[in-house]
Amino acid sequence: RDAEAAPRWQQYQSALLESGGVANWGAETRALYRASLRALRGADEGTAAAVRQHARANIAQHAGETDGRTLRGLLVGGRHDLEELCRCLGSARVGEET
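**As for the overall build of the protein chain**
A count of helices and strands for the protein chain gives four helices and zero strands. Counting all 98 residues of the protein chain, 21% fall into the buried class. Contacts in the protein chain between residues far apart in sequence, at least 24 positions, make up 71% of those at least 6 positions apart.

Spelled out as structure tokens, the structure:
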């Protein structure tokens, strides 16, 4: 399933980039931020607060960005970071249960 999702995501991002879909990046950013908040459910408060602060600072830092390629790179990097966060939090939660 993940193998199918990656090409669709890349096709979607390519289509946005080609169409100059800069207006859509705000929605993509919010969706990524909300996914990050969902991933933090059950995490210790210190970790959750640090991740939220980092995400908000990163969004604020790039709020005025209009270059589609740069925005695409930021979103792709954010998705990779979210996947890594989920892996780390998942292994930490498994460790707590044993």
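**Examining a positive patch on the surface**
Taken together, the side chains of Arg30, Arg34, Arg38 and Arg41 present a region of like positive charge at the surface. Within the element layout of this structure, Arg30 appears in helix H2 (residues 25–39).

**Digging into the nonpolar core**
Counting 12 residues, the largest nonpolar core is built from Trp25, Leu32, Ala35, Ala39, Leu40, Ala43, Ala48, Leu71, Leu75, Leu82, Leu85 and Leu89. For this core, the secondary structure elements donating two or more residues are H2 and helix H4 (68–97). No other element matches the five residues that H4 contributes to this core.

**A look at the environment of Ala63**
Residue placement: Ala63 occurs in the loop between helix H3 (45–61) and H4. Considered as a pair, Ala63 and Gly26 are 37 residues apart in the sequence and their alpha carbons are 9.0 Å apart.

**What to know about the packing of H2 against H3**
Between H2 and H3, whose axes approach to 11 Å, the crossing angle comes to 170°. On the basis of the axis angle, H2 is roughly antiparallel to H3. Within the contact between the two elements, H2 uses Thr29, Tyr33 and Leu37 and H3 uses Arg52, Ala55, Arg56 and Ile59. When grouped by side-chain class, the residues that make up the contact of H2 with H3 number four nonpolar, one polar and two charged.

**A word on the pattern of salt bridges**
By the definition in use, this model includes two salt bridges. Linking Glu45 and Arg52 is a salt bridge whose minimum nitrogen-to-oxygen distance equals 2.8 Å. The exposure class of Arg52 is partly exposed, given its relative accessible area of 21%. Between Glu84 and Arg87 there is a salt bridge, with its nearest N and O atoms 2.8 Å apart. Of this pair, Glu84 and Arg87 both sit in helix H4, separated by three residues, roughly a single helical turn.

**Thoughts on the state of the cysteines**
This model, assessed by the stated rule, comprises zero disulfides. Cysteine Cys86 is unpaired, with the sulfur of Cys88 as its nearest cysteine sulfur at 9.4 Å. You can call Cys88 partly exposed: its relative accessible area is 41%.

What counts and what doesn't
Residues numbered from 1 in each chain as written. Predicted model: local features only at pLDDT ≥ 70, side-chain atom pairs only at ≥ 80, totals over all residues. Heavy atoms only, no water. Helix = DSSP H or I, 4+ residues; strand = E, 2+ residues; numbered from the N terminus. Buried < 20%, exposed > 50% of the residue type's maximum accessible area, 1.4 Å probe, protein only. Contact = heavy atoms within 4.5 Å. Patch = residues over 30% accessible without salt bridge, like charges linked within 9 Å, V, L, I, M, F, W, Y side chains within 5 Å. Areas by Shrake-Rupley, 256 points an atom, 1.4 Å probe, with all protein chains shown as cover. Salt bridge = Lys/Arg side-chain N within 4 Å of Asp/Glu carboxyl O. Lys, Arg positive; Asp, Glu negative; His and termini not counted. Charge placed at Lys NZ, Arg CZ, Asp CG, Glu CD. Core = buried A, V, L, I, M, F, W, Y, C linked by side-chain atoms within 4.5 Å. Axes fitted to C-alpha atoms, helices over the stretch in contact; angles between N-to-C directions. Parallel < 35°, antiparallel > 145°, perpendicular 65-115°, else oblique. Nonpolar A, V, L, I, M, F, W, Y, C, P; charged D, E, K, R; others polar. Disulfide = S-S within 2.5 Å.

Treat this as a map of the structure, not an account of what it does.
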